[in-house]
Amino acid sequence: MRLLIVEDEKRLAVSLARGLTAEGFAVDVVHDGLEGLHRASEGGYDLVVLDIMLPGMNGYRVCGALRAAGHEVPILMLTAKDGEYDEAEGLDTGADDYLTKPFSYVVLVARVRALLRRRGAGTAAPVLTVGTLRIDTAARRVHRGEDEHALTAKEFAVLEQLALRAGQVVSKAEILEHVWDFAYDGDPNIVEVYISTLRRKLGAASIRTVRGAGYRLEAG
């Protein structure tokens, strides 16, 4: 899942990005409302964490512009303001949820996961089944038959991308885009490392390499 954080408090933004990355999300960060609108308008994000008090364009206007343009990406608004009128204004512009600073990081992660589950409720099952492999995207647990396989956050994220398109070829670039983040400039062969680990844990025949194209998760 790819998340966009639009927050001008840089220390907070970096802290949130690190925490959410550790949870297995690919996270991009911008500190300006106009840049946030530009990035979010390009699509490709599963959720936007949007501060209200931003330079360039405030969060209300960013949210309103996205909704007016037909973008349905879930938006979680953050603000130092409180009171029912502030919350109402945020929700009226199209935000899906609202969190007042200071907030608990645990609560933020729970809100993010709840919004992602709500978004996927009509389009994807929370449990993906590929042959004998069962991937619970809500609980983030993987079973083959009666056996549970413990995966790290990144391993799970890579597997989830393959499972969402089971039987199809998923390119290395597509995995990088959804599991890492926009600013990742490390070795793209990191994907091969995680594929190798998943094969070791789930069985070598689970993931096929399609030479020059990518990887395919197969029933087995």
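Up top is the structure these notes are about.
This report concerns the structure included in the present document. (Residues numbered from 1 in each chain as written. Predicted model: local features only at pLDDT ≥ 70, side-chain atom pairs only at ≥ 80, totals over all residues. Heavy atoms only, no water.)

1. Overview of the overall build of the chain
Now for step 1: Looking only at helices and strands, the chain has eight helices and eleven strands in total.
Now for step 2: Put simply, 56% of the contacts in the chain that link residues at least 6 apart link residues at least 24 apart.
Now for step 3: Roughly 10900 Å² of accessible area belongs to the chain as shown, and the carbon and sulfur atoms make up 51% of that amount. (Helix = DSSP H or I, 4+ residues; strand = E, 2+ residues; numbered from the N terminus. Contact = heavy atoms within 4.5 Å. Areas by Shrake-Rupley, 256 points an atom, 1.4 Å probe, with all protein chains shown as cover.)

2. Some details on the side chain of E160
Now for step 1: Residue placement: E160 occurs in helix 6 (residues 153-164).
Now for step 2: Take E160: its relative accessible area is 7%, and that puts it in the buried class. (Buried < 20%, exposed > 50% of the residue type's maximum accessible area, 1.4 Å probe, protein only.)

3. So, the sheet that holds strand 3 (residues 47-51)
Now for step 1: In space, the five strands of this open sheet follow the order 2-1-3-4-5, with parallel pairing throughout. Since the sheet does not close on itself, it has two edges, and those belong to strand 2 (26-30) and strand 5 (97-100), each with one partner. On average, each strand axis in the sheet is inclined to that of its neighbour by 20°, with strand direction left out of account.
Now for step 2: Note that strand 3 and strand 4 (residues 75-79) share four bridges and pair parallel. If you follow D51 over to strand 4, its bridge partner there is L78.
Now for step 3: The sheet strands contacting helix 2 (residues 33-41) are strand 1 (2-6), strand 2 and strand 3, and the helix crosses strand 1 at an angle near 160°.
Now for step 4: Contacting strand 3 and strand 4, helix 3 (residues 59-68) runs over the sheet at an angle of about 170° to strand 4. (Pairing = 2+ DSSP bridges. Axes fitted to C-alpha atoms, helices over the stretch in contact; angles between N-to-C directions.)

4. A look at the environment of L20
Now for step 1: Tracing the backbone through its elements, the reader meets L20 in helix 1 (residues 10-22).
Now for step 2: Once the C-alpha coordinates of L20 and L3 are considered, the two residues, 17 residues apart in sequence, prove to be 8.7 Å apart.
Now for step 3: Dropping the residues within four chain positions of it, L20 is found in contact with L3, I5, F25, V27, Y105, L108 and V109.

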